[in-house]
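One-letter residues, chain by chain:
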Amino acid sequence: MEHEGRKMTTVGWTSIYGRNIRTGAISTTALALVLLMGLTSEEVHADTRIVIDSGLSPEELEIYGHSVEMDAAADTGLIREAWFRALEGYDGGLLLENLEREGLTPNFTDPTGMPIGFGTQNGWVGRNCAGCHSAEIHYQGKVMLVPGAPNMLSSGFVRERLTRALAATAADGERLAAFQNRVLGADASEAEHKALADEIRAWLDAYWGDTPENMMKDFAAQDRAYETTGTRPVVGDHPFEAVRNAWMGPQNYFVGGSVVDIPQIWDVEKQASIHHNGNTNSVLGRNVISAIATFYAPSVEAVLDADPRQLDKIGKVSEKIDAPLYPEDVFGPIDREKAARGADLYAQYCAACHATTLPEGEVTDLPRFTAEESGTDEAYFDVFEKPVLGIAGVESQSYGDAVLAVMADFTKKWFERYEITPEEAAQLEVPNPYWKFDRVWISRPMSGIWAAAPYLHNGSVPTMYHLLLPVSERPKKFTYFSKEYDPVNMGFRSDQPLDAAPLLATYDTAVRGQGNQGHEYGTSMTDDQRYALIEYLKTIGE
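Remember, it's a predicted structure, so these values are computed and weren't measured experimentally.

(A) Quick peek at the overall build of the protein chain. The helix and strand tally for the protein chain stands at 20 helices and 17 strands. Relative to the compact-globule value of 24 Å for 542 residues, the protein chain shows a C-alpha radius of gyration of 23 Å, a close match. Projected onto its principal axes, the C-alpha positions of the protein chain cover 75 × 65 × 55 Å. The burial tally for the protein chain puts 58% of its 542 residues in the buried class. Long-range contacts, defined as pairs at least 24 residues apart, comprise 75% of the intrachain contacts of the protein chain with a sequence gap of at least 6. Counting only carbon and sulfur atoms, one obtains 52% of the accessible surface of the protein chain, whose full area is about 21,900 Å². Computed over 46 positive and 79 negative side-chain charges, the separation of the two mean positions in the protein chain equals 2 Å.

(B) Geometry of the pairing of strand 12 (residues 394-397). As judged from the 3 bridges shared by strand 11 (residues 388-391) and strand 12, these two strands associate in the antiparallel manner. For valine 388, the partnering residue across the bridge sits in strand 12 and is glutamine 397. Counted between consecutive antiparallel strands, the loop separating strand 11 from strand 12 contains 2 residues, among which alanine 392 sits at a positive phi close to 55°.

(C) Inspection of the sheet that holds strand 7 (residues 124-127) at higher detail. Strands sit in the order 5-7-6 across an open sheet of 3 strands; the sheet is antiparallel. The open sheet has two edge strands with one neighbour each: strand 5 (79-80) and strand 6 (118-121).

(D) Representation of the environment of alanine 340 in the model. With respect to the helices and strands, alanine 340 occurs in helix 14 (residues 336-349). Alanine 340 sits in the partly exposed class, given a relative accessible area of 47%. Measuring from C-alpha to C-alpha, the distance between alanine 340 and leucine 533 comes to 8.8 Å, with 193 residues separating the pair along the chain.

(E) Here's a closer look at the packing of helix 3 (residues 58-66) against helix 12 (residues 308-318). Viewed as axis vectors pointing N to C, helix 3 and helix 12 meet at an angle of 125°, and their least axial separation amounts to 9 Å. Here helix 3 lies oblique to helix 12, going by the angle between them. Both helix 3 and helix 12 take part in a crossing whose hand is left-handed. Facing helix 3, whose interface residues are Glu60, Ile63 and Tyr64, helix 12 presents Lys313, Ile314, Val317 and Ser318.

(F) Looking closely at the pattern of salt bridges. Evaluation of the coordinates by the stated rule reveals 32 salt bridges. Its salt-bridge partner being glutamate 360, residue lysine 270 comes within 2.8 Å of it at the nearest N-O pair. Placement of the pair is lysine 270 in the loop between helix 9 (239-247) and helix 10 (283-294) and glutamate 360 in the loop between helix 14 and strand 10 (368-370), with a sequence separation of 90 residues. Residue arginine 439 pairs with glutamate 378 through a salt bridge whose shortest N-O separation is 2.1 Å.

(G) The arrangement of helix 8 (residues 212-229) in detail. In this model, helix 8 (18 residues) spans 26 Å end to end at C-alpha, consistent with the 26 Å of a helix rising 1.5 Å per residue. Those residues of helix 8 that fall on the buried side of the exposure criterion are Pro212, Met215 and Phe219. The buried side chains of helix 8 occupy one side of the element, clustering within an arc of 60° when seen end-on. Facing away from the buried side of helix 8 by more than 90 degrees, the exposed set consists of Lys217, Thr228 and Thr229. Those residues of helix 8 that are buried lie in contact with helix 5 (155-171) and helix 7 (190-208). Backbone geometry just downstream of helix 8 places glycine 230 in the positive-phi region, at approximately 75°.

(H) Broad picture of the layout of surface pockets. In this structure, the second largest pocket encloses a volume near 580 Å³. Looking at the second largest pocket, it is lined by 23 residues, and the ones nearest its centre are Arg161, Asp223, Tyr226, Arg232 and Leu503. Going through the elements one at a time, helix 5 and helix 8 are the ones with two or more residues in the lining of the second largest pocket. Within the lining of the second largest pocket, the residues separate by chemical class into 12 nonpolar, 3 polar and 8 charged.

(I) Molecular detail of the confidence of the model for the protein chain. Within the protein chain, residue pLDDT values average 87, and 90% of them lie at 70 or more. Long-range and interchain partners of residues 1-46, a stretch whose pLDDT sits below 50, account for 96 contacts in this model, where long-range means more than four residues apart.

(J) Geometry of the nonpolar core. Formed by 64 residues in total, the largest nonpolar core has its most connected members in Ile137, Phe331, Trp450, Tyr455, Met464, Met490 and Leu537. Residues within four places of tryptophan 450 in sequence aside, it is in contact with Ile137, Val146, Pro324, Leu325, Tyr326, Pro327, Phe331, Tyr455, Tyr485 and Met490. Within the second largest apolar cluster, 43 residues are counted, among which are Val260, Phe295, Tyr399 and Phe410.

(K) Looking closely at the packing of aromatic side chains. As enumerated under the stated definition, the model contains 32 aromatic pairs in all. With centroids separated by 5.1 Å and ring planes inclined at 5°, the aromatic side chains of phenylalanine 478 and tyrosine 507 adopt a geometry described as stacked. With a gap of 29 residues between them, phenylalanine 478 in strand 14 (residues 477-480) and tyrosine 507 in strand 17 (residues 505-508) connect regions that are remote in the sequence. Members of the aromatic cluster, connected to one another through ring pairs, are Phe240, Tyr380, Phe381, Phe384, Tyr399, Trp435, Phe437 and Trp441. Looking at arginine 164, its charged tip hangs above the ring of tyrosine 90, at a distance of 4.5 Å from the centre. Its end group placed over the ring of tyrosine 434, lysine 436 keeps NZ or CZ at 5.1 Å from the ring centre.

(L) Broad picture of the state of the cysteines. Considering all chains together, one arrives at 0 disulfides under this definition. Of all cysteine sulfurs in the structure, the one in cysteine 350 sits closest to cysteine 353, which takes part in no disulfide; the separation is 8.5 Å. Note on cysteine 353: relative accessible area 22%, which makes it partly exposed.

(M) Layout of the pairing of strand 7. What you see with strand 7 is no split at all: Trp124 and Gly126 on one side and Val125 and Arg127 on the other are buried throughout. When strand 5 meets strand 7, the two strands line up antiparallel, connected through 2 bridges. Looking across to strand 7, one finds that isoleucine 79 is bridged to valine 125. Hairpin remark: strand 6 followed by strand 7, antiparallel, with 2 residues in the connecting loop; positive phi at asparagine 122, about 55°.

The rules behind these values
- Residues numbered from 1 in each chain as written.
- Predicted model: local features only at pLDDT ≥ 70, side-chain atom pairs only at ≥ 80, totals over all residues.
- Heavy atoms only, no water.
- Helix = DSSP H or I, 4+ residues; strand = E, 2+ residues; numbered from the N terminus.
- Rg over C-alpha atoms; globule rule 2.2 N^0.38 Å.
- Buried < 20%, exposed > 50% of the residue type's maximum accessible area, 1.4 Å probe, protein only.
- Contact = heavy atoms within 4.5 Å.
- Areas by Shrake-Rupley, 256 points an atom, 1.4 Å probe, with all protein chains shown as cover.
- Lys, Arg positive; Asp, Glu negative; His and termini not counted.
- Charge placed at Lys NZ, Arg CZ, Asp CG, Glu CD.
- Pairing = 2+ DSSP bridges.
- Axes fitted to C-alpha atoms, helices over the stretch in contact; angles between N-to-C directions.
- Parallel < 35°, antiparallel > 145°, perpendicular 65-115°, else oblique.
- Left-handed = near helix turned anticlockwise from the far one by under 90°.
- Salt bridge = Lys/Arg side-chain N within 4 Å of Asp/Glu carboxyl O.
- Expected span 1.5 Å × (residues − 1).
- Arc of directions from axis to C-beta.
- 1 Å grid on protein atoms, 1.4 Å probe; cavity = no way out; pocket = protein on both sides within 12 Å on 5 of 7 lines; lining within 4 Å.
- Points joined across faces, edges and corners; volume = space filled by probe spheres on them.
- Nonpolar A, V, L, I, M, F, W, Y, C, P; charged D, E, K, R; others polar.
- pLDDT = per-residue confidence, 0-100.
- Core = buried A, V, L, I, M, F, W, Y, C linked by side-chain atoms within 4.5 Å.
- Phe/Tyr/Trp six-rings, centres within 6.5 Å; stacked < 30°, edge-to-face > 60°.
- Lys NZ or Arg CZ within 6 Å of the ring centre and 35° of its normal.
- Disulfide = S-S within 2.5 Å.

See the structure below:
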């Protein structure tokens, strides 16, 4: 099937947009992808793994998927590479052999076993934005990797899983001995074993503030509570709570409980502002927030180890990501007759707020709608509305003013450390950057919307079909973190039992910050109309 400017090809072992990949006749681009994905020849013939075209070259995919944000000379990172490769997960088995259980996406473009968004440098593992902004989607035994799509798991959850694994290792003599042998080799001395054990404990004390034995008791109590209730809580980091809590002093600590769904980032270079409420146009600020999210301890001192040039390089690649076309070779053909009827329904119910695509070569100021107009859960705004105390010599100021102050102070230190000239600084930031924390939502275009589930800013609606229902008919509780796709309803399956796959959790929309109310546009349609509209949404971008 041909689409303007892009071709969906079904050849040999897989279906890939714009990729001429076939058994026995692999093109240069395809061969690079096979190598970068870390696939063996057996896996090439398995006909299960698909990379959805994002408009990035293989070299750009490698930068996006596995470049680290750290200073090239820094002796630091998320975790030592030797530890990461030797570490058993909290639930047993080597962590790198059970990535899905840890919420990580395996073998994107790296043959060394690093998951998406993870890379190595100077003996350390580092992270970047791709870990949150790339999705793994499963359907009938096939696995699709979608650059720029939201991964539902949070950075905080990834940090907790690593911490659990290290605590379980340090607290268990047999597990610790096996880990020491994998890291140090069988011939290591007793002194080397003790030094490694001490280093793990020091690491846990620095980042968690407790002994591994106490931590294991806390984790066990948590797990028993999950088993007793039959549910697991949803984890969703609020990036601007992280900024407040890590950078604005203990007097301003705030946890509001809002789940924040990770947004899709394709076509971001065409948008005048970013984040759910369009709070900034600052490229430099975006990059700093990425570093805050990906470092283990997101203090000012830690984030200074992120190289602004490296962050800019990764960010510029991410800006090239195109919206993914709907993969008919995987999900089955679009019903074109329904889609034609759906186009009229889109014009009637959606077009006033949502563009289908954005113009090439232009920067569009996306429409903004107040929280009151949309009627959606408002807990996202709580962190912005509490005054910030005692920052930059000011007794009390707004969150927006405080962000400007801490960003300015950080940028000064950052640029001095890396000897950034004024001319280079101008290349790292947009002219006239702003921060505005208004109670509004930006209305994104619908290109690639099939891969952006779950829906609303807090991920409280699992499929497009459910979003088109009145609030009273949307699921009040559903299974979250599923990677199993539902092409009929456009979204992820929400009916699986919690033991059907790793990390499944219960999303309870009665919890503040997780509400599924609002956005009741087109909810008076019949089911036939809803499914016609969904078929049309699949065609956007062709």
